[in-house]
Amino acid sequence: MDLPQLAGSSADVRLLPPSTSARRTDVAVVGGGVIGLSTALELATRDQRVTVIDPHPAGGASWVAGGMLGATLETGFAEVDDVELHLAARQAWEPFLELLNAGRAAPVSMSQGGTFLLGADASDARELDRLTGFMASVGLEVARCDPSELDEQVPGLSPGIRAGFHVPGDPSVDNRQVMVALLERCQEASVQFIAATATSMRRSGDWLEGIELDDGTTLRTGAAVLATGAVDTAGLGPHDAPAIRPVKGTIVRLGPRRGPILDVVLRGLVRGRMCYLVPRPDGCLAIGATTEERGYDTSVDALSVFSLLEDARALLPGIDDLEFLEASSGLRPATTDHRPVVCASTVRGLVFNLGHYRNGFLMAPLAAQSVAELLEGRRAHPGFEGKER
Ligand code: GLY
């Protein structure tokens, strides 16, 4: 069989071929993005024999993502019920990084310095006053910066910026470093990979018996986790997974010419459009992201790239000197209310880890722990409960 290579990556990571015994497993994880691989690793550390099913593990939206751990700034007015969940998810990252980095020569790091939230014009500044007022009222840490403080903390900002806030609790990780590390740790933990697509579930009454694959084989298992991101799994049923719709995001990557130009995350409201700039440890800059309802289309259009660059240079004019490296699009998996679904299904043995929308990286470690708890007969983190399905 051909060995799958890391999708879209120049990283020299090859996946182990599944052995014949991989056709039976303790737990099948359907989907090899950040949610699926974090789940697989968590289960493997709990001595489960785990098999990940994905034609292109570590690809898709996880390879495109901004990698912000936006516990604060992804908690807007509509997410008021998720404050505790987001903070717990952020806290789960320290032990997760320890797990990911054990024995690694080049550890995955989390950025220091938090995020600066910027308002480009007077109307943006008013909107951010309203938003940060709400955040402070629900206990999230956001501090207004005066202009001199802002200049000192973020050299190179546009002099016209009308408002700035420091959000110390929202760091970032390099999404691609995380994905490579996850693949490696999963392989070290003997997780098996099958480069195929799951096509249907085999059941006996209410109980799961196996997952049928498009290579004509069946993976026999009494337990499975659906971590399929924005992929439509209706055909994989019968099951009671929630409807998930894809919400496209385009992101631009720029490379340094004379060293890094930014060392903290920026989020800016620019004439009413939100944009973010996320520095990578190698000096590259990820600029994101659009939010578009275009079904499963992942093409990159010129207007998205133009808008992102226009907004980013309104905040940090020095981006003009950077090298254009890449523009790519990914699909965020969204439920109808944009809340995640981490719970047991009505099919015995089947657990959902779905719908993380804008927060796949933030939620991955906590959601993985909750899935493992559910499969062991315990409860998920309380923040995942109570969602109406
Ligand atoms: N979490 C950032 C985004 O979804 O664009």
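Residues numbered from 1 in each chain as written. Predicted model: local features only at pLDDT ≥ 70, side-chain atom pairs only at ≥ 80, totals over all residues. Heavy atoms only, no water.

1. Considering the site of the ligand
Working step 1: Around the ligand lies a shell formed by M68, E74, Y276, A289, R332 and R358.
Working step 2: Here E74 contributes a side-chain N or O atom positioned 3.4 Å from a nitrogen atom of the ligand.
Working step 3: In the model, a nitrogen atom of the ligand is placed 2.7 Å from a nitrogen or oxygen of the R358 main chain.
Working step 4: Protein chains bury 89% of the 200 Å² of accessible surface belonging to the ligand in isolation.
Working step 5: Class assignment for the residues of the shell around the ligand results in three nonpolar, no polar and three charged. (Near = heavy atom within 4 Å. Polar contact = N/O pair within 3.5 Å; in protein donor to acceptor, adjacent residues only side chain to side chain. Areas by Shrake-Rupley, 256 points an atom, 1.4 Å probe, with all protein chains shown as cover. Nonpolar A, V, L, I, M, F, W, Y, C, P; charged D, E, K, R; others polar.)

2. A few points about the pattern of salt bridges
Working step 1: According to the stated counting rule, one finds 28 salt bridges in the structure shown.
Working step 2: Ionic pairing is found between R90 and E94, a salt bridge with its closest N-O pair at 3.3 Å.
Working step 3: On the basis of relative accessibility, which here comes to 16%, the residue R90 falls in the buried class.
Working step 4: Overall, E94 belongs to the partly exposed group, its relative accessible area being 38%.
Working step 5: Of the charged contacts, one joins E373 and R378 as a salt bridge, the two residues approaching to 2.7 Å between their closest N and O atoms.
Working step 6: Relative accessible area serves as the criterion here: at 21%, E373 is assigned to the partly exposed category. (Salt bridge = Lys/Arg side-chain N within 4 Å of Asp/Glu carboxyl O. Buried < 20%, exposed > 50% of the residue type's maximum accessible area, 1.4 Å probe, protein only.)

3. Considerations on the nonpolar core
Working step 1: Judged by nonpolar contacts, the single largest core of 52 residues is most densely connected at L37, W93, L100, L182 and F361.
Working step 2: Sorting the residues of this core by element identifies β1 (27-30), α1 (34-45), β2 (50-53), α3 (83-91), α4 (93-101), α7 (175-188) and α9 (360-375) as the ones contributing at least two each.
Working step 3: Looking at this core element by element, the count peaks at nine residues for α9.
Working step 4: Look past the residues within four positions of L182 in its chain and what remains in contact with it is V34, L37, S38, L41, F96 and L100. (Core = buried A, V, L, I, M, F, W, Y, C linked by side-chain atoms within 4.5 Å. Helix = DSSP H or I, 4+ residues; strand = E, 2+ residues; numbered from the N terminus. Contact = heavy atoms within 4.5 Å.)

4. Remarks on unusual backbone geometry
Working step 1: Residue D47 is not a glycine yet carries a positive backbone phi of 65°.
Working step 2: Along the chain, D47 turns up in the loop between α1 and β2.
Working step 3: Using a relative accessible area of 70% as the deciding quantity, one classes D47 as exposed.
Working step 4: Despite not being glycine, R271 has its phi angle at roughly 50°, a positive value.
Working step 5: Examined against the element boundaries, R271 turns out to sit in the loop between β12 (265-270) and β13 (273-279).

In short, geometric facts, not functional conclusions.
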